[in-house]
Each structure stands twice: as structure tokens, then as C-alpha cells.
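The chain contents come next:
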Amino acid sequence: MQEITITKSSQSRASEVDINHIPMGISFTDHMFVCDYSEGQWKNARIEPLAAIPTHPSAMALHYGQAIFEGLKATMGKDGIPVLFRPEENAKRMNFSADRMGMPDFPEDLFVEALKQLIWLEREWVPTNEGSALYLRPFMYADEAYTGMRAATSFKFIIFATPTGPYFSRKIRLYAETRYIRAANGGTGEAKAAGNYAAAIRPTELAKAQGYDQVLWLDAQNFENILEVGTMNIFFKISGKFITPSLDGSVLAGVTRSSVIALLRHKGFEVTERVVSMKEILDASQNGTLEEAFGTGTAVGIAMIDEIGYRGQVIKMPESNPVSQDVNQTINKIKTQAVEDPFGWIVPVMEAQLV
Ligand SMILES: *Cc1c(COP(=O)(O)O)cnc(C)c1O
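Draft legend 1. Representation of the overall build of the protein chain. What the protein chain contains, in helices and strands, is 7 helices and 18 strands. By the compact-globule yardstick of 20 Å for 355 residues, the protein chain fits well, its C-alpha radius of gyration being 21 Å. Projected onto the principal axes, the alpha-carbon positions of the protein chain cover approximately 60 × 50 × 35 Å. Sequence-distant contacts in the protein chain: of pairs separated by 6 or more residues, those separated by 24 or more amount to 72%. Side chains of the protein chain give 34 positive and 42 negative charges; the mean places of these two sets differ by 4 Å.

This is the structure we're talking about:
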């Protein structure tokens, strides 16, 4: 693995902001990790003061959209050492996305090491309030200045960090979209590609104008089966059993989704990944067998769903979600090392004995 050179900023801005009371995404830590790709190789891995990067007007990402990203959180562990949650999963998914978008693999060990070194350097930025975290945004884009249409040959991989407070815990209203789609099999829905979000912005704005929080995406053929929410995967509990749409080619494989499945099974619940239709959810809501409904994602953890608008109807979701609340708390406790981590999900950013 290549060495990461570190250039420290002359002064930290950490003391200027109240990191325990900050909305996500508006303040950034002092440093960023940057690595350049050219001539078939990743080069010059470095941590340097966070700064704007000059962009050539013909940088290919701006025109043809070769841009992918990841998102994960560091929380404060029990010895004052920040910890990451399953970062290898993000490293793997980044390369899955890169492959789909014709972009180069980024070494998974360097991905995790870069996160560790950046977070250790920025440790005074890791919030300690319950539910707060340092959000890490690794991403890759084509920065080659070329106007023809082909895969780029030069890329940047960058990680920056932004402290985040607890996400809204109020229940969310979802608009089941029957005009626009997010993904179809064979498309890019399985990749965490920037363009997927570009295509979702307008439908989401329209749903918000109708009083909804996010779009619930349905299958591209008939708008009958559920895929996922804007930035979350989705789960339902019907008659004591959990179901979630299977990863059939149009669904983003969430790390939170896979963690929730593992935890639910660990707690003795049956979880099935399969086709989930709107009709089934409507019926279960009406006949009283629908017991829980929630979305899962790194940014939100677990978000309870209030109601779903679908073809002119408003489908009411259950009042309380005791099992998913419990799972949410367990995940949060694992992330702060308040309880045992039976799955080996937690990765400290520094060996305790070296501190
Ligand atoms: C990132 C993302 C998720 C959630 O994935 P996590 O790894 O749990 O954060 C779900 N759906 C989409 C479309 C996403 O981009």
C-alpha cells in the first residue's frame, strides 16, 4: 500500500464551531484526503488542508457524469478513539460503482487507511453527543480535460469530512412515484452514481411541494413493486415477519440495510428479501397486519414512516415501531461501543496502545 503524506493546516478551525450542534453538510473539517489517477495508476496519496480544487471547463465529469460517491460515519468510541462502522463495505461498494461507471478500482486497503488517518488527524471534530457523528464523504470523478466521448483516463479520489448532528427523528411521509423512475434493471441504480441523484432531484422537489419528505421509488415497468426510498432502503413488518425488496438490479445495496437484516436475525426475527408490492402493503395496512415500516441509511440510521401516498390514496403506516426502534438503538450503541459488537463491525481508527 502506498504511503500517505500529510501536510497539516497551520491552524484548526475546530474550536470556532460547536460541533455538537451543527446541521449536516455546512461545515467542513480542516483537511481532506486526495489521490490522483493517471497513466493507469493511483499516485500521490496525501492529506492536505481542505481547499477548492481548480476545475478545467472540459473536465469530463462535468459533461459525461463519471462521478461516484460513498458515505459513512465515524463516532466516538469508548477510549476516546473514533471508530468506523464497516468501512470495508464502503470500499467494496465504491469499486462496484466504479466498475459500472467505467472508472478505475481504488485499492480497498488504501481507502480504509485514508479514512483512519484523516479521522485521527481530525479527531477533535468527532462529535460526542448521542446520535451525532463525523460524516465522511469519499468520492471519485473524472478530471481529465477532454471533450470527446470515451472513458476518462484521469480521475481524482477525495475524502472530506463534515460533522453532523442527529438526523430528524420525526416520521417521514413518502410519495410513491408513478411517473418517474430512479432505476431499471441494467441501468445504474445499483451504483452510487452522482447521476442517479441528478435524475431524482426534480421528482423529489415535486413530492415535497405536495407535502412529502421523499420519493418512494417503484419498479420501472408497472409502478407496482417497491424498490427503495430517495436515500434509504425500506423495510416492512407484516404478521411478525420482516420483508425488504431484494437486490434485483435496481436497488442500492445499503450497508445499513445489510446490518439491519443481520441484527434482526440475531434478535430472532425472520427477514425475507423478495418482491414487495404496493398492493401487499395497502392490504396489510387495511387488514391490520402491517406492524412496522421504516427506511434505513447511513445519514438517517432508521427513519420511521408515517404514511405513503400512492395513486391518489394515502396509506397509513403503523403508529409505533418497537422492534425497529430497538434495532436502531442497538446499532447506535454498537457505534459508540456502549455494547458488545458481536459482528466485528467496528473498526477503531487507531490502535489503543499507540495513543
Ligand atoms: C447510499 C444509499 C442508500 C443507503 O446506503 P447505506 O450504505 O445504508 O448508507 C440507499 N439508497 C440509495 C439510493 C443510496 O444512494
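Draft legend 2. Focus on the environment of Asn196. Structurally, the position occupied by Asn196 is in helix α4 (residues 194-209). Taking relative accessible area as the criterion, Asn196 reaches 7% and is therefore assigned buried. For the pair formed by Asn196 and Ile68, sequence separation is 128 residues and the distance between their alpha carbons is 9.6 Å. Sequence-distant contacts of Asn196, that is, excluding residues within four places in its chain, are made with Arg182, Thr188, Gly189 and Ala191. At a separation of 2.7 Å, a polar atom in the side chain of Asn196 contacts the side chain of Thr188.

Draft legend 3. Representation of the pairing of strand β9 (residues 172-176). Counted residue by residue, β9 has 4 buried out of 5 residues, so it is predominantly covered. Two elements, β9 and strand β16 (residues 301-310), share 4 bridges in a ladder whose sense is parallel. Residue Arg173 lies in a different strand from β16, and its bridge partner there is Glu307. As defined by bridge partners, β9 adjoins strand β10 (residues 214-218) across 3 bridges and the pair is classed as parallel. Across the sheet, the residue bridging to Ala176 is Leu216, located in β10. Taking the sense of rotation as the criterion, the β-α-β connection linking β9, α4 and β10 turns out right-handed.

Draft legend 4. Structural detail: the site of the ligand. Lining the immediate environment of the ligand, one finds 15 residues, of which Lys192, Tyr197, Glu228, Thr256 and Thr298 sit closest. Between Lys192 and the ligand, the recorded distance is 2.7 Å, taken from a side-chain N or O atom to an oxygen atom. A distance of 2.5 Å is found between a nitrogen atom of the ligand and a side-chain nitrogen or oxygen belonging to Glu228. Considering the ligand on its own, with 380 Å² of exposed area, one finds that the protein chains cover 96% of that surface. Classifying every residue of the shell around the ligand by side-chain character gives 4 nonpolar, 7 polar and 4 charged.

Draft legend 5. Representation of the packing of helix α2 (residues 87-100) against helix α3 (residues 108-121) in the model. Orientation of α2 relative to α3, taken along the N-to-C sense of each, is 130 degrees, at an axis distance of 9 Å. When the axis of α2 is compared with that of α3, the two are oblique. α3 is crossed by α2, and the crossing has right-handed handedness. Across from Pro87, Glu88, Asn90, Ala91, Lys92, Met94 and Asn95 in α2, the residues of α3 making contact are Glu108, Phe111, Val112 and Leu115. Residue classes in the contact of α2 with α3 are distributed as 6 nonpolar, 2 polar and 3 charged.

Draft legend 6. Fine view of the pairing of strand β12 (residues 233-238). For β12, the tally of buried residues reaches 6 of 6 residues, placing the bulk of the element in the interior. In β12, alternate side chains face the same way, and those of Asn233, Phe235 and Lys237 on one face and Ile234, Phe236 and Ile238 on the other are all buried. Pairing of β12 with strand β15 (residues 290-297) involves 6 bridges; the strand directions are antiparallel. Bridge pairing in β15 links Lys237 to Glu292. The turn linking β12 back onto strand β13 (residues 241-245) is made up of 2 residues, and Ser239 within it adopts a positive phi angle of 50 degrees.

Draft legend 7. Region of interest: the nonpolar core. Counting residues in each nonpolar core, the largest one holds 54 residues, and the members touching the most others are Phe33, Leu84, Phe106, Leu136, Met140 and Phe157. Of the residues forming this core, the biggest block, 9 residues, is contributed by α3. Contact partners of Phe33, with chain neighbours within four places excluded, come to Ile4, Ala45, Arg46, Ile47, Phe106, Ala114, Leu118, Phe157, Ile158 and Ile159.

Draft legend 8. Spatial organisation of the domain arrangement of the protein chain. As assigned here, the protein chain comprises domain 1 (5-166 + 343-353) and domain 2 (172-320). Here domain 1 and domain 2 have C-alpha centroids that lie 27 Å from each other. Counting from both sides, the interface comprises 19 residues of domain 1 and, opposite them, 20 residues of domain 2. Of the roughly 1,600 Å² buried between domain 1 and domain 2, counting both surfaces, carbon and sulfur atoms make up 66%. At the surface where domain 1 touches domain 2, the tally comes to 0 salt bridges.

Draft legend 9. Main features of α3. Helix length check: α3, at 14 residues, gives a terminal C-alpha distance of 20 Å against a target of 20 Å (1.5 Å per residue), a fit within 8%. Looking at α3, one finds that the buried residues are Leu110, Phe111, Val112, Ala114, Leu115, Leu118, Ile119, Trp120 and Leu121.

Analysis parameters
Residues numbered from 1 in each chain as written. Predicted model: local features only at pLDDT ≥ 70, side-chain atom pairs only at ≥ 80, totals over all residues. Heavy atoms only, no water. Helix = DSSP H or I, 4+ residues; strand = E, 2+ residues; numbered from the N terminus. Rg over C-alpha atoms; globule rule 2.2 N^0.38 Å. Contact = heavy atoms within 4.5 Å. Lys, Arg positive; Asp, Glu negative; His and termini not counted. Charge placed at Lys NZ, Arg CZ, Asp CG, Glu CD. Buried < 20%, exposed > 50% of the residue type's maximum accessible area, 1.4 Å probe, protein only. Polar contact = N/O pair within 3.5 Å; in protein donor to acceptor, adjacent residues only side chain to side chain. Pairing = 2+ DSSP bridges. Right-handed = clockwise from strand over helix to strand, strands pointing away. Near = heavy atom within 4 Å. Areas by Shrake-Rupley, 256 points an atom, 1.4 Å probe, with all protein chains shown as cover. Nonpolar A, V, L, I, M, F, W, Y, C, P; charged D, E, K, R; others polar. Axes fitted to C-alpha atoms, helices over the stretch in contact; angles between N-to-C directions. Parallel < 35°, antiparallel > 145°, perpendicular 65-115°, else oblique. Left-handed = near helix turned anticlockwise from the far one by under 90°. Core = buried A, V, L, I, M, F, W, Y, C linked by side-chain atoms within 4.5 Å. Domains from an automatic or database assignment. Buried area = accessible area lost by both parts, 1.4 Å probe. Salt bridge = Lys/Arg side-chain N within 4 Å of Asp/Glu carboxyl O. Expected span 1.5 Å × (residues − 1).

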